[in-house]
Amino acid sequence: MRSKYGYPTIFEAAEKSNWRIEEIIGGAKTLDFRRPFLPESLAGTERVDFLTPDEKLALNQIRGHGYLYTFGMVEEFILPFVLDHARPLLNSDDYRTRALLRFAGEEAKHIQLFKTFVQEFEKGFGTPCGVIGPPGEIARVVLSHHPLAVALVILHIEWMTQRHYLDSIRDNEDLDPQFKSLLRHHWMEEAQHAKIDTLMVETLAESCNDREIDQAVAEYLEIGTMLDGGLRQQVELDAASLTGATGRQLTSEELDVFRAAQHQAIRWTFLGSGMTHANFLQTLGELKPAARTQIEEIASVFC
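Please read these numbers as outputs of a predicted model, since none were measured by experiment.

A. Seen up close, the overall build of the chain. Per the secondary structure count, the chain includes eleven helices and zero strands. N-terminal to C-terminal, the α/β element order of the chain is α-α-α-α-α-α-α-α-α-α-α. Taking 2.2 N^0.38 as the reference for a compact globule, 303 residues should give roughly 19 Å; the C-alpha atoms of the chain span a radius of gyration of 19 Å, in line with that estimate. Dimensions of the chain along its principal axes, counting C-alpha atoms only, are 60 × 45 × 35 Å. Per-residue burial over the chain gives 56% buried out of 303 residues. Taking as baseline every contact in the chain between residues at least 6 positions apart, the subset at least 24 positions apart corresponds to 84%. Element-wise, carbon and sulfur atoms account for 51% of the exposed surface of the chain, whose accessible area totals about 13100 Å².

Spelled out as structure tokens, the structure:
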């Protein structure tokens, strides 16, 4: 495998996109709870058609809260993984070392950013929203897998982030500008992370034989199955959060519709949109054509 990306150009591009948390959230930079946070393609609130407009808005914001919490959660395993990958390469290539360490530093910044968002959200939304976790336990389970499997999960997440912003957030004028700004700044740095992780996958794959690549792809799917179970739990928590925020008690029939619609929406958001990203599939195909075919066939469940 030989990537079109290079560490010097990645590092130089990252230098230009630097920003500070204080510049995009906190103080006078407040969230506007009169407006949606997520585009409908990610929130899927219109599928729950028995909710009133105000209830759909509350659900959208609950999903926005969960969206950023989930990013913070996955970055809890991305950060140590990148540091572990960088450690044995410290003396091999200066640009690679600097790019990897910058990658890790930016992931740490994103974790802090999302924690700051949760604080701002809780001040404005008015009621608590339940979330899955704890992040440290999820990170422990993910990091117990084959390094190439973990790198594939991270690559999936990085390209997923690009797709969300470019396809449905960047040009959406209905969203809260503050939430949108936060997503834009996150996207700016993740654009370079996707390239670095492509190089990490290639490096890890160089030392793997066919059997190990098959095992890594199988473990990538195991991690995805675990995360899907967590997303199903998050839907239950979101239903409870909606009741807490609006007072709306869903009937058993309504709850069934809610579960089905929201689970499919959140599955697409975090699983389907990454598994079907063209760049992710290209890397899989370069690892092993059969691996790409396998993921393309499985991905339809999440779309």
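B. Spatial organisation of the pattern of salt bridges. Evaluated as defined, the whole model comprises 18 salt bridges. We note a salt bridge from Lys109 to Glu189, for which the minimum N-O separation is 2.7 Å. You can see Lys109 sitting in helix α4 (residues 94-125) and its partner Glu189 sitting in helix α7 (residues 177-206), a full 80 residues away along the chain. The buried category is assigned to Lys109, whose relative accessible area is 14%. With a relative accessible area of 0%, Glu189 lands in the buried category.

C. Just the packing of α7 against helix α10 (residues 278-287), in detail. α10 packs onto α7 with a crossing angle of 10° between their chain directions and a minimal axis gap of 11 Å. By the angle class used here, α7 and α10 are roughly parallel. For the pair α7 and α10, the crossing hand works out as right-handed. Counting all contacts with α7, which are made through Thr198, Val201, Glu202 and Ala205, the residues of α10 involved are Thr283, Glu286 and Leu287. Classifying every residue of the contact of α7 with α10 by side-chain character gives three nonpolar, two polar and two charged.

D. Structural detail: the environment of Gly27. Structurally, the position occupied by Gly27 is in the loop between α1 (7-16) and α2 (40-43). When the C-alpha positions of Gly27 and Glu120 are compared, they lie 9.3 Å apart, and in sequence the two are 93 residues distant.

E. Examining the packing of aromatic side chains more closely. Taken as a whole, this structure holds 15 aromatic pairs when the rule is applied. Ring centres of Phe37 and Phe121 lie 6.3 Å apart, and the angle between their planes is 70°; on these two criteria the pair is classed as edge-to-face. With Phe37 in the loop between α1 and α2 and Phe121 in helix α4, the pair connects residues that are 84 residues apart, well separated along the chain. A relative accessible area of 0% means that Phe37 is categorised as buried. Cluster of aromatic residues (ring-pair linked, three or more members): Phe33, Phe37, Phe117, Phe121, Phe125 and Phe179. Here Lys109 stacks its cationic end above the ring of Trp19, 3.8 Å away from the centre of that ring.

F. Spatial organisation of the environment of His193. With respect to the secondary-structure elements, His193 resides in helix α7. The spacing of His193 and Leu155 is 38 residues in sequence and 8.5 Å in space, taken between C-alpha atoms. Those residues in contact with His193 that sit more than four places away from it in its chain are Phe103, Glu106, Glu107, His110 and Glu158.

G. A look at the environment of Thr45. Within the secondary structure, Thr45 is located in the loop between α2 and α3 (53-86). Considering only alpha carbons, one finds Thr45 and Ile169, 124 residues apart in sequence, at a separation of 16 Å. Residues in contact with Thr45, not counting those within four places in the same chain, are Glu40, Lys56, Leu59, Asn60 and Gln262.

H. Representation of unusual backbone geometry. Cis geometry marks the peptide bond from Gly133 to Pro134; its omega dihedral reads 5°. Relative to the helices and strands, Pro134 is located in the loop between α4 and α5 (135-143).

Rules of the game
- Residues numbered from 1 in each chain as written.
- Predicted model: local features only at pLDDT ≥ 70, side-chain atom pairs only at ≥ 80, totals over all residues.
- Heavy atoms only, no water.
- Helix = DSSP H or I, 4+ residues; strand = E, 2+ residues; numbered from the N terminus.
- Rg over C-alpha atoms; globule rule 2.2 N^0.38 Å.
- Buried < 20%, exposed > 50% of the residue type's maximum accessible area, 1.4 Å probe, protein only.
- Contact = heavy atoms within 4.5 Å.
- Areas by Shrake-Rupley, 256 points an atom, 1.4 Å probe, with all protein chains shown as cover.
- Salt bridge = Lys/Arg side-chain N within 4 Å of Asp/Glu carboxyl O.
- Axes fitted to C-alpha atoms, helices over the stretch in contact; angles between N-to-C directions.
- Parallel < 35°, antiparallel > 145°, perpendicular 65-115°, else oblique.
- Left-handed = near helix turned anticlockwise from the far one by under 90°.
- Nonpolar A, V, L, I, M, F, W, Y, C, P; charged D, E, K, R; others polar.
- Phe/Tyr/Trp six-rings, centres within 6.5 Å; stacked < 30°, edge-to-face > 60°.
- Lys NZ or Arg CZ within 6 Å of the ring centre and 35° of its normal.

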